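Summary of structural features
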Amino acid sequence: MKFSKLCVIGLGYIGLPTAATFAMHGMEVVGVDINPNVIEILNRGEIHIHEPGVHETFRKAVHAKKFRAALQTETADAFIIAVPTPFKHEALGEYRGIAYKLADMQAVTSAAESIVPHLKKGNLVILESTSPPRTTVDLVAPILEKSGLKAGSDFFLCYSPERVLPGQIMKELVENARVVGGITPESAQAGQDLYAAFVKGQIVKTDSTTAEMVKLMENTHRDVNIAIANEFSRLAEKFGVDVWEAIALANLHPRIKILSPGPGVGGHCISVDPWFFVEAAPELSQLIYHARQVNDEQPRFVVKKARQALGELKNKKIAALGLAYKPDVDDLRESPASEAIRLLQKDGAQVKAWEPFKPNAQLKEIHMAASLEDAIQDADLILLLVKHSQFAALDPHEIQKQTSAKIALDTVNGWTAEAWKQQGFRFFRLGDSKNK
Ligand code: SAJ
């Protein structure tokens, strides 16, 4: 099948790079977003996200007059829905006394509804947003069928998960294998034809519910594996072991690949998606639920370490380095670093945070430093929360000259204990009770 005009609904970290990439491959692309600011920025040729390579591709697409941003969905040959599926902050589900988070599918519902007046025979609709199992058949298809057309016979409908890693989106969009799940084999074929425009990785066809489950399994697998690493960090402290050394040694085994512990799991994917399984089948998702609990509790472990380092937290000044949810990105969503800072403040500490990728971030209850120097100058403790390359490269000899702090706490194994100790710091590391 051939498609000449594409409508991409949702212009965030996935929708915008996807829209720009299709436009660079000859398709006429209309990008739709409900945020008028975003539309205005994009139609000026600028972009509102920080992701390597997106701006260049986007600028070329605009220059070639292949991309246009709009507030309203319009007629097209194919539609891609790439809107957020966060969890509801105000409501929880409950199963046998266990509370779990619920998916907020409002944006997907609205996006699908916006397509209805424009849907024509032979069109293709693809849902890319991470969604609970059966969303494509049980939620999206019935909405689209309000057009009077039948999903699977009058128009094609697919679920195709995005799998790109923030920081490497432009590369992975093209090179990763793409799973395309159709509600019928013909739909999957239409989806494959669309992505063949630029995907160099394998494109594999399946049914839509399998594709939904594949996406959730990938992120849940990672979440559970990080949880075991975090649990090991607590166990190592109990037994007088350095978890980082122990993991490195365990990973010499040819079939073992233990991930890294840290202050917790953040971002809008791994910390959210496993809940979709728990919500859909709590009675079958015990391990997944408990892994989520372990990862969500990890910021508390950071507080425990800080107390161990400082004696007590009340009125102690802490310089918190990093607020992003992971290294070398500017994304602060669901960041465990922010959660750790809030908990430290609850216990009376005075925290100044420094985030080089978003120095002007405005986060509830978090006091931003003007610079690294400002954060550390009168601190009692320097707390490393994110392994940004520039933090890992800090020289304790230089830092020692700019700070009153005599204690450093590294939660991500970003620093070398000896180097800090040589500069007169007491050095603590999460998961390591050899260094204290
Ligand atoms: N983290 C650890 N220890 C580790 C690895 C990660 O604590 O060993 C933490 C990170 O610091 C971060 C969180 O986990 O807070 C998630 O980071 P990540 O790099 O594991 O994943 P994301 O959320 O940036 O991207 C994931 C990817 N999924 C998988 O690797 C299975 C990506 O491919 C997906 O496209 C993305 O979720 C998504 O959008 O779903």
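Residues numbered from 1 in each chain as written. Predicted model: local features only at pLDDT ≥ 70, side-chain atom pairs only at ≥ 80, totals over all residues. Heavy atoms only, no water.

Before going further, it helps to spend a moment on the overall build of the protein chain. When you go through the protein chain residue by residue, the secondary structure sums to 16 helices and 15 strands. Taking 436 residues into account, the globule formula puts the C-alpha radius of gyration at 22 Å, and the protein chain, at 24 Å, falls close to it. Considering only C-alpha atoms, the protein chain reaches an extent of 70 × 50 × 45 Å along its principal axes. Buried positions account for 55% of the 436 residues belonging to the protein chain. If you take every contact in the protein chain between residues at least 6 apart in sequence, the share linking residues at least 24 apart comes to 72%. In the structure as shown, the protein chain presents an accessible area of about 19,200 Å², 53% of it carried by carbon and sulfur atoms. Once the 50 positive and 52 negative side-chain charges of the protein chain are each reduced to a mean point, those two points are 2 Å apart. (Helix = DSSP H or I, 4+ residues; strand = E, 2+ residues; numbered from the N terminus. Rg over C-alpha atoms; globule rule 2.2 N^0.38 Å. Buried < 20%, exposed > 50% of the residue type's maximum accessible area, 1.4 Å probe, protein only. Contact = heavy atoms within 4.5 Å. Areas by Shrake-Rupley, 256 points an atom, 1.4 Å probe, with all protein chains shown as cover. Lys, Arg positive; Asp, Glu negative; His and termini not counted. Charge placed at Lys NZ, Arg CZ, Asp CG, Glu CD.)

For the rest of this paragraph, the subject is the site of the ligand. In the vicinity of the ligand, 20 residues are found, and the nearest of them are Glu-162, Lys-215, Asn-219, Arg-222 and Tyr-325. Separating an oxygen atom of the ligand from a backbone N or O atom of Val-164 is a distance of 2.7 Å. At a separation of 2.9 Å, an oxygen atom of the ligand approaches a polar backbone atom of Gly-266. In the complex, the protein chains occlude 85% of the 770 Å² of accessible area that the ligand would expose alone. Grouping the amino acids of the shell around the ligand by side-chain chemistry returns nine nonpolar, four polar and seven charged. A domain-level breakdown of the shell around the ligand finds at least three residues from each of domain 1 (5–208) and domain 2 (240–429). (Near = heavy atom within 4 Å. Polar contact = N/O pair within 3.5 Å; in protein donor to acceptor, adjacent residues only side chain to side chain. Nonpolar A, V, L, I, M, F, W, Y, C, P; charged D, E, K, R; others polar. Domains from an automatic or database assignment.)

A separate point is the pairing of strand S13 (residues 381–384). Side chains on a regular strand alternate between the two faces of the sheet. Burial along S13 is two-sided: Leu-381 and Leu-383 and Ile-382 and Leu-384, pointing in opposite directions, are all buried. Taken together, the four bridges between strand S11 (residues 317–321) and S13 define a ladder with parallel strand orientation. Bridging from a neighbouring strand, Leu-321 pairs with Leu-384 of S13. Pairing of S13 with strand S14 (residues 407–410) involves four bridges; the strand directions are parallel. The residue of S14 that forms the bridge with Leu-383 is Leu-409. (Pairing = 2+ DSSP bridges.)

Next up on the list: the side chain of Lys-326. When you line up the elements, Lys-326 lands in the loop between S11 and helix H12 (336–346). Nearest to the buried, unbridged Lys-326 among oppositely charged side chains is Glu-51, at 8.3 Å. (Salt bridge = Lys/Arg side-chain N within 4 Å of Asp/Glu carboxyl O.)

What the rule picks out here adds up to 26 salt bridges. Taking the shortest distance from any N to any O, the salt bridge between Glu-218 and Arg-163 comes out at 2.3 Å. You can see Glu-218 sitting in helix H8 (residues 208–238) and its partner Arg-163 sitting in the loop between strand S8 (156–159) and helix H6 (169–175), a full 55 residues away along the chain. Judged by relative accessible area, Arg-163 falls into the partly exposed class, the value being 27%.

Attention shifts here to the packing of aromatic side chains. In this description, a pair of aromatic rings is defined by centroid distance and the angle of the planes. Inspection of the entire model under this criterion finds six aromatic pairs. Here a set of aromatic residues connected by ring pairs shows up, and it is made of Phe-22, Tyr-195 and Phe-198. Over the ring of Tyr-195 we find Arg-178; its NZ or CZ atom is 4.1 Å from the centre of that ring. In this arrangement the basic side chain of Arg-234 is found over the ring face of Phe-301, its NZ or CZ atom lying 5.9 Å from the centre. (Phe/Tyr/Trp six-rings, centres within 6.5 Å; stacked < 30°, edge-to-face > 60°. Lys NZ or Arg CZ within 6 Å of the ring centre and 35° of its normal.)

Attention now goes to the domain arrangement of the protein chain. Taken domain by domain, the protein chain comprises domain 1 (5–208) and domain 2 (240–429). The centre of domain 1, based on its C-alpha atoms, is set 33 Å off from the matching centre of domain 2. Of the roughly 1,800 Å² buried at the junction of domain 1 and domain 2 (both faces included), carbon and sulfur atoms supply 66%. Taken together, domain 1 and domain 2 are joined by one salt bridge. For Asp-296, the salt bridge identified is with Lys-101, shortest N-O distance 3.9 Å. If you look at where domain 1 meets domain 2, you find two residue pairs in polar contact (both at pLDDT 80 or more). (Buried area = accessible area lost by both parts, 1.4 Å probe.)

The next thing to look at is the sheet that holds S14. What links the strands of a sheet is backbone hydrogen bonding, and the strands pair in either a parallel or an antiparallel sense. Here five strands make up an open sheet; going across it, the order is S12-S11-S13-S14-S15 and the pairing parallel. Bordering the open sheet on either side are strand S12 (350–354) and strand S15 (426–429), each of which pairs with just one other strand. Going across the sheet, the axis of each strand differs from the next one's by a mean of 20°, ignoring polarity. The strands touched by helix H11 (residues 286–310) are S11, S13, S14 and S15; relative to S14, the strand with the most contacts, the crossing angle is about 160°. (Axes fitted to C-alpha atoms, helices over the stretch in contact; angles between N-to-C directions.)

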